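# Architecture and fold: a report
Read off the chains here:
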Amino acid sequence: MTAVSAPLAPADALAQIRATARAAGLSYAGDVPPDLAQALAEAGQALLIDIRSPEEIRFVGHVPGALHLPWASGLELTRNPRFLRGLETVAPREAVILLLCRSGQRSVQAAQAATAAGFSQVFNVLEGFEGDLDAAGHRGRVSGWRWRDLPWRQD
């Protein structure tokens, strides 16, 4: 008979994620599953920042209570040159910061840039808001914040 282990406390889970990220040679704190990101943000243990474009927020939906600081904007997703300055205004450099984008790709880039700028606990939220593409090329059907039925709204 195999013993069932209790789920890790959020702080312990983050420590394990940090260790995994270091072992993998990641330049940022690591990758957090969406359900843990939601639990951390809801408990006030982390700052959830949605880095998608204003268009994505408006037309696709958003996480209630998340801050919005676009990494890029427009149809061509032009990089926001004020992203790091904006991050400095909303979070101390030692804060636990969770970055959420559409699929978990841009948030890795933003986490790398924030870490290089001196933020010490910046994590990527895996799968993003909409998740990966399915076989038909559609998002929201195989992974992501919305697919996992975590809190979100559409205005």
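Overview of the structure. Quick caveat: nothing in here was measured; it's all calculated off a predicted structure.

The subject of this paragraph is the overall build of the protein chain. Of the regular secondary structure elements, the protein chain holds 5 helices and 7 strands. Secondary structure elements of the protein chain, listed N to C terminal, follow the sequence α-β-α-β-α-β-β-β-α-β-α-β. Radius of gyration (C-alpha) of the protein chain: 15 Å, near the 15 Å computed for a compact globule of 155 residues. Put simply, the protein chain has 155 residues, and 43% of those count as buried. The long-range fraction of contacts in the protein chain, counting pairs at least 24 apart against all pairs at least 6 apart in sequence, stands at 60%. Carbon together with sulfur atoms contributes 53% to the accessible area of the protein chain, which is approximately 8400 Å² in total.

This part covers the environment of Ala15. Following the sequence through the fold, Ala15 ends up in helix H1 (residues 10–24). Accessibility expressed as a relative area gives 38% for Ala15, which makes it partly exposed. Along the backbone, Ala15 and Val63 are 48 residues apart, and their C-alpha atoms lie at a distance of 25 Å.

Turning our attention to the sheet that holds strand E6 (residues 96–100). Taking strand neighbours across the sheet as the criterion, the 5 strands line up as E1-E7-E6-E2-E3 in an open arrangement whose pairing is parallel. Edge positions in the sheet fall to strand E1 (30–32) and strand E3 (67–68), since each has one partner strand and no second. Pairing of E6 with strand E7 (residues 121–125) involves 4 bridges; the strand directions are parallel. When the sheet's bridge partners are listed, Ile97 is paired in E7 with Val122.

Quick look at the packing of aromatic side chains now. We describe a pair of aromatic rings using the distance from one ring centre to the other and the angle between the two ring planes. Applying the stated criterion across every chain yields a total of 2 aromatic pairs. With a centroid separation of 5.0 Å and an interplanar angle of 85 degrees, the aromatic rings of Trp71 and Phe83 are classed as edge-to-face. With Trp71 in the loop between E3 and strand E4 (72–73) and Phe83 in helix H4 (residues 83–90), this residue pair connects regions lying 12 residues apart in the sequence. When the centroid spacing of 5.9 Å and the interplanar angle of 85 degrees are considered together, the rings of Phe129 and Trp152 count as edge-to-face. Taken as a pair, Phe129 in the segment after E7 and Trp152 in the segment after E7 lie far apart in primary sequence, 23 residues in all. Overall, the relative accessible area of 0% leaves Phe129 in the buried class. The ring of Phe129 is capped by Arg52, whose NZ or CZ atom sits 4.1 Å from the centre of that ring. The ring of Trp152 is capped by Arg146, whose NZ or CZ atom sits 4.6 Å from the centre of that ring.

The rules behind these values
- Residues numbered from 1 in each chain as written.
- Predicted model: local features only at pLDDT ≥ 70, side-chain atom pairs only at ≥ 80, totals over all residues.
- Heavy atoms only, no water.
- Helix = DSSP H or I, 4+ residues; strand = E, 2+ residues; numbered from the N terminus.
- Rg over C-alpha atoms; globule rule 2.2 N^0.38 Å.
- Buried < 20%, exposed > 50% of the residue type's maximum accessible area, 1.4 Å probe, protein only.
- Contact = heavy atoms within 4.5 Å.
- Areas by Shrake-Rupley, 256 points an atom, 1.4 Å probe, with all protein chains shown as cover.
- Pairing = 2+ DSSP bridges.
- Phe/Tyr/Trp six-rings, centres within 6.5 Å; stacked < 30°, edge-to-face > 60°.
- Lys NZ or Arg CZ within 6 Å of the ring centre and 35° of its normal.

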